[in-house]
Amino acid sequence: MSFWVGCQKAPAVTTFRLGRAFTRLSTALMLDSATPAALKVRVVLRGDGVVLERRVVTSRTATAMLVRVTGVRTLALEATAIAGRCGTAPVGYGIAYEPTLQSGA
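In this text, all values refer to a predicted model and were calculated from it rather than measured experimentally.

## Quick notes on the sheet that holds strand β7 (residues 74–83)
Moving on, step 1. Taken in spatial order, the 4 strands make up an open sheet running β2-β7-β4-β5, and their pairing is antiparallel. Each edge of the open sheet is held by one strand with a lone partner, namely β2 (12–17) and β5 (50–58). Strand after strand, the sheet turns through a mean of 20 degrees between neighbouring axes, direction not considered.
Moving on, step 2. Bridge analysis of strand β4 (residues 40–47) against β7 gives 8 bridges, and the strand direction is antiparallel.

This is how it looks when you write it as structure tokens:
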């Protein structure tokens, strides 16, 4: 799944309705190969407005995430460029690789 990166000091936000039906989210965050090399992106996951996880991703790094989402109605993925310069792209720079939601205990 790709996601947009906010390049004007404000985050691009992608929201997901979970409806309290899940307990965990697992994924790996990375940047697309078309991303400018110097771009550094802060990704924040919020569950119902509360920060659940925060990571920094660059074109040279990928980071695995396993996040508890028990009781969360709405999950927001916020991505903001914090270093480097954005260019133009037909898709979002961010990639959440194989995001998986688990339900139950």
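Following the structure, the description resumes.
## Overview of the nonpolar core
Moving on, step 1. Residues Phe3, Leu29, Val41, Val43, Val69 and Ala79 are the most contacted members of the largest nonpolar core, which totals 21 residues.
Moving on, step 2. Residue assignment for this core shows that the elements contributing at least two residues are β3 (24–31), β4, β6 (63–68) and β7.
Moving on, step 3. Setting aside residues no more than four positions away along its own chain, Val43 makes contact with Phe3, Leu29, Glu53, Arg54, Arg55, Val57, Leu77, Glu78 and Ala79.

## A few points about the confidence of the model for the protein
Moving on, step 1. Of the residues in the protein, 99% reach a pLDDT of 70 or more, and the chain-wide mean stands at 92.
Moving on, step 2. By mean pLDDT, the top-scoring element of the protein is β4 (97), and the lowest-scoring one is strand β1 (residues 2–3) (88).

## A look at the side chain of Thr63
Moving on, step 1. Tracing the chain through its elements places Thr63 in strand β6.
Moving on, step 2. The buried category is assigned to Thr63, whose relative accessible area is 17%.
Moving on, step 3. Here Arg55 takes part through its side chain, which lies 2.6 Å from a polar atom of the side chain of Thr63.
Moving on, step 4. Once residues within four sequence positions are removed from consideration, Thr63 is found in contact with Thr27, Ala28, Leu29, Arg55 and Val57.

## A closer look at unusual backbone geometry
Moving on, step 1. In the Ramachandran plot, Lys9 falls in the positive-phi region, its phi being about 70 degrees despite a non-glycine side chain.
Moving on, step 2. With respect to the element layout, Lys9 can be found in the loop between β1 and β2.
Moving on, step 3. The backbone phi angle of Arg20 is positive, close to 60 degrees, even though this residue is not glycine.
Moving on, step 4. Topologically, Arg20 is positioned in the loop between β2 and β3.

The rules we used
Residues numbered from 1 in each chain as written. Predicted model: local features only at pLDDT ≥ 70, side-chain atom pairs only at ≥ 80, totals over all residues. Heavy atoms only, no water. Pairing = 2+ DSSP bridges. Helix = DSSP H or I, 4+ residues; strand = E, 2+ residues; numbered from the N terminus. Axes fitted to C-alpha atoms, helices over the stretch in contact; angles between N-to-C directions. Core = buried A, V, L, I, M, F, W, Y, C linked by side-chain atoms within 4.5 Å. Buried < 20%, exposed > 50% of the residue type's maximum accessible area, 1.4 Å probe, protein only. Contact = heavy atoms within 4.5 Å. pLDDT = per-residue confidence, 0-100. Polar contact = N/O pair within 3.5 Å; in protein donor to acceptor, adjacent residues only side chain to side chain.

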